[in-house]
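Chains, contacts and geometry: an overview
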Amino acid sequence: MKAVHFGAGNIGRGFVGLLLHDGGYDLVFSDVAAPLVDAINAVDSYTVHEVGDGGRDTVVTGFRAINSAEHPSDVVEQVAGADVVTTAVGPTVLRFIAPLIADALALRDPSAPPLQVMACENAINATDLLQAEIAQAAGDAWEAVRSRAVFANTAVDRIVPAQPADAGVDVTVEPFFEWAIERAPFGVNPPHIPGAHFVNDLQPYIERKLFTVNTGHATTAYFGAQAGIERISDALADDAIAAQVSAALEETSALLTAKHGLPVAELAEYRATILQRFRNPALPDTVWRVGRQPMRKLSRHERFVGPAAEAAERGLPVDALVAAMGAALAFDDPADAQSVALQQLLRTIDVDSLVTEVTGLGEAHPLYSAVREVVAARQDDLADD
Ligand SMILES: NC(=O)c1ccc[n+]([C@@H]2O[C@H](COP(=O)([O-])OP(=O)(O)OC[C@H]3O[C@@H](n4cnc5c(N)ncnc54)[C@H](O)[C@@H]3O)[C@@H](O)[C@H]2O)c1
Ligand SMILES: O=P(O)(O)OC[C@@H](O)[C@@H](O)[C@H](O)[C@H](O)CO
């Protein structure tokens, strides 16, 4: 069995690749970072180090990497003959890999079992997005090739921090992981991924994950950055920040209960586990990694505006989520292109244009005025500087 995984970065090597290896797949990583591709091809194995309570080392073997920028036709050929394709490139990069998958479907033996495609990104229905991009790339050929692949949305959860430059291909991760995958698209032939679980309805899983793990993580990062703290575990050790994070997560949990009927006690336990994971002192995770790309994180269906908008529509509280958005607006990392762009927008466009452009909220939305207030406050702060 063969799997092609796009994006040999932190989660790609430290989680998706690891579980595919455990499932018995020969692994082909595809990436555009030449030094990373070379480093992967220079070794026969790499180690995933789990740090923290119960952590262990696992050695991954049976892989190679292809630079898709330099050798796109090699990647197309590998995908055409693969059983599984996964991605962990970031939701905004899916459109760049879609043409390769579209070309591979055109090349694929029509009598072969369908290629099983799963995007493993932090976004709602990322695989649907990838499928739409592949359809667009295939153009008129799509109808003829679409039956050669099946597409399943997934929710992946494991904290994999940025790796030190001297780590080589090895990856340091937390011990916890969860991978929920839609069952229906595979019929009677799901991929063999030990540790993953297949579910009938992914929406509660992906929303519980994105609106708890990622909302809480980002809230920690943005308040931590504002307080001049580097590490996520240190930020949560600050009582005031921990209280802000808990308050934001109580709001998202209330929404998850109202929307999906998730039990209150179960969500309280889920939140406690997550906060414990963030506090893992052995995990060298930073506010800069977790806060990266603040404009993506502040967009309409993401970890802040997504749950806050639905909560506001239901008359549920949103104050803590809006406060966290205020902290996100102050995230100022010169090394992050979106942070730089956001600070520039805050300085140059009017408050209503900014709310609409960044959050996608219309003026009539019940969340609009609260978000407008934190944007205006941030603009006032910048004007005073
Ligand atoms: N790190 C985590 O804790 C974690 C956990 C769950 C989900 N995720 C999600 O996984 C995705 C990747 O995150 P990450 O932390 O591994 O980031 P990362 O930056 O470590 O890895 C992304 C990789 O994608 C590669 N890439 C960029 N463009 C590409 C292209 N066109 N083709 C092939 N490869 C390309 C990059 O070179 C990089 O190696 C994101 O969507 C993220 O939200 C991350
Ligand atoms: O990857 P992002 O930028 O969407 O979010 C940053 C972190 O919150 C994220 O990578 C988490 O570590 C991960 O989602 C845990 O499963």
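The rules behind each value
Residues numbered from 1 in each chain as written. Chains lettered and ligands numbered in written order. Predicted model: local features only at pLDDT ≥ 70, side-chain atom pairs only at ≥ 80, totals over all residues. Heavy atoms only, no water. Patch = residues over 30% accessible without salt bridge, like charges linked within 9 Å, V, L, I, M, F, W, Y side chains within 5 Å. Areas by Shrake-Rupley, 256 points an atom, 1.4 Å probe, with all protein chains shown as cover. Salt bridge = Lys/Arg side-chain N within 4 Å of Asp/Glu carboxyl O. Lys, Arg positive; Asp, Glu negative; His and termini not counted. Charge placed at Lys NZ, Arg CZ, Asp CG, Glu CD. Helix = DSSP H or I, 4+ residues; strand = E, 2+ residues; numbered from the N terminus. UniProt positions renumbered as here; feature names shortened; annotations may be inferred. Near = heavy atom within 4 Å. Polar contact = N/O pair within 3.5 Å; in protein donor to acceptor, adjacent residues only side chain to side chain. 1 Å grid on protein atoms, 1.4 Å probe; cavity = no way out; pocket = protein on both sides within 12 Å on 5 of 7 lines; lining within 4 Å. Sits in = over half its atoms within 2 Å of the grid points. Nonpolar A, V, L, I, M, F, W, Y, C, P; charged D, E, K, R; others polar. Domains from an automatic or database assignment. Points joined across faces, edges and corners; volume = space filled by probe spheres on them. Pairing = 2+ DSSP bridges. Contact = heavy atoms within 4.5 Å. Buried area = accessible area lost by both parts, 1.4 Å probe. Phe/Tyr/Trp six-rings, centres within 6.5 Å; stacked < 30°, edge-to-face > 60°. Buried < 20%, exposed > 50% of the residue type's maximum accessible area, 1.4 Å probe, protein only. Lys NZ or Arg CZ within 6 Å of the ring centre and 35° of its normal. Axes fitted to C-alpha atoms, helices over the stretch in contact; angles between N-to-C directions.

Glancing now at a negative patch on the surface. On the surface, Asp380, Asp381, Asp384 and Asp385 cluster together to form a negatively charged patch. The topology assignment puts Asp384 in helix H17 (residues 368-384).

Feature annotation in UniProt assigns "domain: Mannitol dehydrogenase N-terminal" (unreviewed entry) to the following positions: residues 1-193. Secondary structure content for residues 1-193 is 32% helix and 26% strand, and the end C-alpha separation is 12 Å.

Okay, the site of ligand 2 next. By nearness alone, 14 residues border ligand 2, and Asp157, Lys209, His217, Arg289 and Arg296 come closest of all. Between ligand 2 and the protein, one listed contact pairs an oxygen atom with a side-chain N or O atom of Arg289 at 2.7 Å. In isolation ligand 2 has 400 Å² of accessible area, and contact with the protein removes 94% of it. In a pocket analysis with a 2 Å cut-off to the grid points, ligand 2 is assigned to the largest pocket. Taken together, the elements giving at least two residues each to the shell around ligand 2 come down to strand S9 (154-157), helix H7 (203-226), helix H11 (287-290) and helix H12 (294-297). Looking at the shell around ligand 2, its residues break down into three nonpolar, three polar and eight charged. Here the shell around ligand 2 spans two domains, since at least three of its residues come from each of domain 1 (2-200) and domain 2 (204-384).

Now for the UniProt feature "domain: Mannitol dehydrogenase C-terminal" (unreviewed entry) in the protein chain. Per the UniProt record, "domain: Mannitol dehydrogenase C-terminal" (unreviewed entry) is annotated on residues 201-343. Span residues 201-343 is 71% helix and 0% strand, its end C-alpha atoms 39 Å apart.

Turning next to empty space enclosed by the protein. Counted under the stated rule, the structure contains three cavities of 30 Å³ or more. As for the largest cavity, its lining consists of Leu298, Met325, Leu329, Leu354, Val355, Val358, Thr359, Val371 and Val375. When contributions to the lining of the largest cavity are tallied by element, the ones reaching two or more residues are helix H14 (319-329), helix H16 (351-359) and H17. For the lining of the largest cavity, the leading source of residues is H16, giving four residues. Residue composition of the lining of the largest cavity, grouped by class: eight nonpolar, one polar and no charged.

So, about the pairing of strand S3 (residues 45-50). Relative to strand S4 (residues 57-61), S3 runs antiparallel, the two sharing five bridges. Bridge pairing links Ser45 to Thr61 in S4. If you look at the hairpin formed by S3 and S4, you'll find six residues sitting between the two strands, and Gly52 has a positive phi there, around 110°. Here S3 runs beside strand S10 (residues 171-173); their pairing, made up of three bridges, is parallel.

What follows covers the domain arrangement of the protein chain. Along its sequence, the protein chain is carved into domain 1 (2-200) and domain 2 (204-384). Averaged C-alpha coordinates put domain 1 and domain 2 at centres separated by 28 Å. On the side of domain 2, 23 residues touch domain 1, which itself brings 24 residues to the contact. For the pairing of domain 1 and domain 2, the buried interface totals around 1800 Å² over both sides, and the portion due to carbon and sulfur atoms is 65%. The largest share of the area that domain 1 buries against domain 2 comes from Asn122, Ile124 and Ile159, three residues that together contribute 32% of it. Between domain 1 and domain 2 we count three salt bridges in total. A salt bridge links Arg277 to Asp157; the nearest nitrogen and oxygen atoms lie 2.7 Å apart.

Neighbouring ligand 1 are 25 residues, the closest being Asn10, Ile11, Asp31, Glu121 and Val160. A distance of 2.5 Å separates an oxygen atom of ligand 1 from a polar side-chain atom of Glu121. Here ligand 1 has 810 Å² of accessible area as a free molecule, and 83% of this is covered by the chains. More than half of the atoms belonging to ligand 1 lie within 2 Å of the grid points that define the largest pocket. Of all the elements in the fold, those that place two or more residues in the shell around ligand 1 are helix H1 (10-22) and strand S2 (26-31). Residues belonging to the shell around ligand 1 are distributed by class as follows: 13 nonpolar, seven polar and five charged.

Our next topic: the packing of aromatic side chains. As enumerated under the stated definition, the model contains nine aromatic pairs in all. On the basis of an interplanar angle of 50° and a centroid distance of 5.7 Å, the ring pair of Phe15 and Trp179 is categorised as tilted. Here Phe15 is found in helix H1, whereas its partner Trp179 is found in strand S11 (residues 178-182), with 164 residues between them in sequence. Taking relative accessible area as the criterion, Phe15 reaches 0% and is therefore assigned buried. For Trp179, a relative accessible area of 0% gives the class buried. Each residue in the set Tyr222, Trp288, Phe304 and Phe331 is aromatic and connected to the rest through ring pairs, giving one cluster. Looking at Arg208, its charged tip hangs above the ring of Tyr270, at a distance of 4.1 Å from the centre.

A sheet is described by the order of its strands in space; here three strands give the open sequence S4-S3-S10, paired in mixed fashion. In the strand order of this sheet, the two ends are held by S4 and S10, each with one partner. Geometrically, the sheet is characterised by an average inter-axis angle of 25° between neighbouring strands, direction not taken into account.

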